[in-house]
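# Results of the structural survey
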Amino acid sequence: MYVIEPANNVERNECGNKGYCLHELAKAGFNVPKWIAISPRAFDASLSNHRRSILNDLTRQDFDNQYSELVGSVFDGLCLLPAIEAELQEAVSSSFSPDTLFAVRSSSSEEDGVGQSFAGQFDTYLFVPASELVDKVLSVWRSAFATRVLIYRKEHGVNSTLTIPAVLIQEMVSADSAGVSFSVDPLSLSPEICIVEAVPGLGEGLVSGQLEADSWSVNSSGAIISARIAVKTQSVRFNAQRCSGTALIDLPESNSTTAALSNAQVLQVANCARKAQAHFGYPQDIEWCIKNGTIYLLQSRPITTLNYSNKNRQAEDNSANAQTDNHRAKAFPDSVGTDIKVWDSSNISESYPGVTTPLTVTFARKAYEHVYREFLRLMGVRAQVMENLAHVYR
């Protein structure tokens, strides 16, 4: 058996962390869209001896100019073993209606852990018809060998041995609104504050950083203590022209400042995040969506930035600030007690070397401001803090 169905006994090494967490959440009563998974064993079983020998060489070597060619030698023309494809087709036809569209994504044993999330490293495909499932499963496996995954492994000190993920095939929910929620504020580490972020349509635009999101803070008493409603000009929706995949759809200007969630929905999402934390015993980062007033939980994983306590963080911050002040006093003795600004061109000069025209400066200033704002938002910096630093972006 290569296809895992939640009704059967589910093992973490067979369906990966994401699939195992969804199984646990569904058992605990959370509303999880129906899913099945393909075991990573299906990949190995579909390899010929020749492809397997190339794969063995691939996993032993570092990234170089030949790496992409070797990946192509493994995956170009690769097909699922006929018996596995037949098993998949049988599971799909017995578990889902014929017109169901699917989300196809990875579920590795390395993903969604306390140490590393591997968020966004593997390819995901949305609104996939049943006829394209096999191709998308192979594409998810291929993405495990992408250079970005190798770089992520190096930067995070993860075992360099490439791991083939299980592949989740989940019923697609064409959401009215979607987003993420942190059961603990990942910036302040306050256990009293839950963060909810949402966009109209699918959450893909939020997690990829494409779209501005509305944001709320909810305290432990279940009260909204702050809200930031973004100007939203687009949303990610079903690509009706292609009958699969997604497209960015322009929103009516009259809806640009309409909140993606009602206050009642914000509290429902926050409650869902806190219940996920209570179930797993660790602060959770959840992905969710709402369709016709019903909340669906799509994913739950540990918040990977919570690797030390508030007390330790404050001590480190104080130490770092003291060291900064000492270095500053030595380098700029006249600046002590003043608001000093230090400018350098270490990054911008790499992108725009030589003489730069006024038009390019105008473009770069606007582009970099957007990049910096998006980076701070993704890191969880509050809107007010970002606005206080507005002069830095320009």
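Residues numbered from 1 in each chain as written. Predicted model: local features only at pLDDT ≥ 70, side-chain atom pairs only at ≥ 80, totals over all residues. Heavy atoms only, no water.

## Digging into helix α1 (residues 12–27)
- Over its 16 residues, α1 extends only 15 Å from the first C-alpha to the last, a length that falls short of the 22 Å expected when each residue adds 1.5 Å.
- If you look at α1, its biggest bend is around 80 degrees, right at Lys18.
- Of the residues trailing α1, Gly29 is marked for its positive phi of about 100 degrees. (Helix = DSSP H or I, 4+ residues; strand = E, 2+ residues; numbered from the N terminus. Expected span 1.5 Å × (residues − 1). Bend = angle between axes of the 7 residues up to and from the residue.)

## Here's the deal with helix α5 (residues 82–95)
- Helix length check: α5, at 14 residues, gives a terminal C-alpha distance of 20 Å against a target of 20 Å (1.5 Å per residue), a fit within 8%.
- Along α5, the positions that sit buried rather than exposed are Ile84, Glu87, Leu88, Ala91, Val92 and Ser95. Considered in projection along α5, the buried side chains sweep an arc of 130 degrees and stay on one side of the axis. Projecting away from the buried face of α5 at angles above 90 degrees are the exposed residues Pro82, Ala83, Glu90 and Ser94.
- On its buried face, α5 is in contact with β1 (3–4), β2 (35–38), α2 (41–45), β3 (102–107), α6 (133–143) and β5 (166–171). (Buried < 20%, exposed > 50% of the residue type's maximum accessible area, 1.4 Å probe, protein only. Arc of directions from axis to C-beta. Contact = heavy atoms within 4.5 Å.)

## Observations regarding the packing of helix α4 (residues 67–75) against α6
- One can describe the packing of α4 onto α6 by two numbers: an axis separation of 11 Å at closest approach and a directional angle of 150 degrees. For the element pair α4 / α6, the angle class is roughly antiparallel. For α4 against α6, the interelement crossing comes out right-handed. Facing α4, whose interface residues are Val71, Gly72 and Phe75, α6 presents Leu138, Trp141 and Arg142. (Axes fitted to C-alpha atoms, helices over the stretch in contact; angles between N-to-C directions. Parallel < 35°, antiparallel > 145°, perpendicular 65-115°, else oblique. Left-handed = near helix turned anticlockwise from the far one by under 90°.)

## Quick look at the side chain of Lys18
- Position of Lys18 among the secondary structure elements: in helix α1.
- Within the local environment of Lys18, its side chain forms a polar contact with the backbone oxygen of Ser106, the two atoms lying 2.8 Å apart. (Polar contact = N/O pair within 3.5 Å; in protein donor to acceptor, adjacent residues only side chain to side chain.)

## Here we look at the sheet that holds strand β12 (residues 284–291)
- On the basis of which strands lie adjacent, the open sheet formed by six strands has the order β9-β8-β7-β6-β12-β13 and antiparallel pairing. Looking at the sheet topology across the chains shown, the edges are occupied by β9 (224–228) and β13 (294–302). For this sheet, the mean angle separating the axes of adjacent strands, direction not counted, is 20 degrees.
- Each of β6 (177–182), β7 (194–200), β8 (214–218), β9, β12 and β13 touches helix α9 (residues 263–280); the most contacted strand, β12, lies at about 140 degrees to it. (Pairing = 2+ DSSP bridges.)

## A look at the pairing of β6
- In terms of residue burial, β6 counts as a mostly covered element, since six of its six residues are buried.
- Judged by which residues are buried, β6 turns out to be covered on both faces: Ser177, Gly179 and Ser181 on one side and Ala178, Val180 and Phe182 on the other are all buried.
- As paired elements, β6 and β7 share six bridges and run antiparallel to each other. Of the residues in β7, the one forming a bridge with Ser177 is Pro200.
- Bridge count for β6 against β12 is six bridges, and the pairing is antiparallel. Pairing of Ser181 across the sheet is with Ile286, part of β12.

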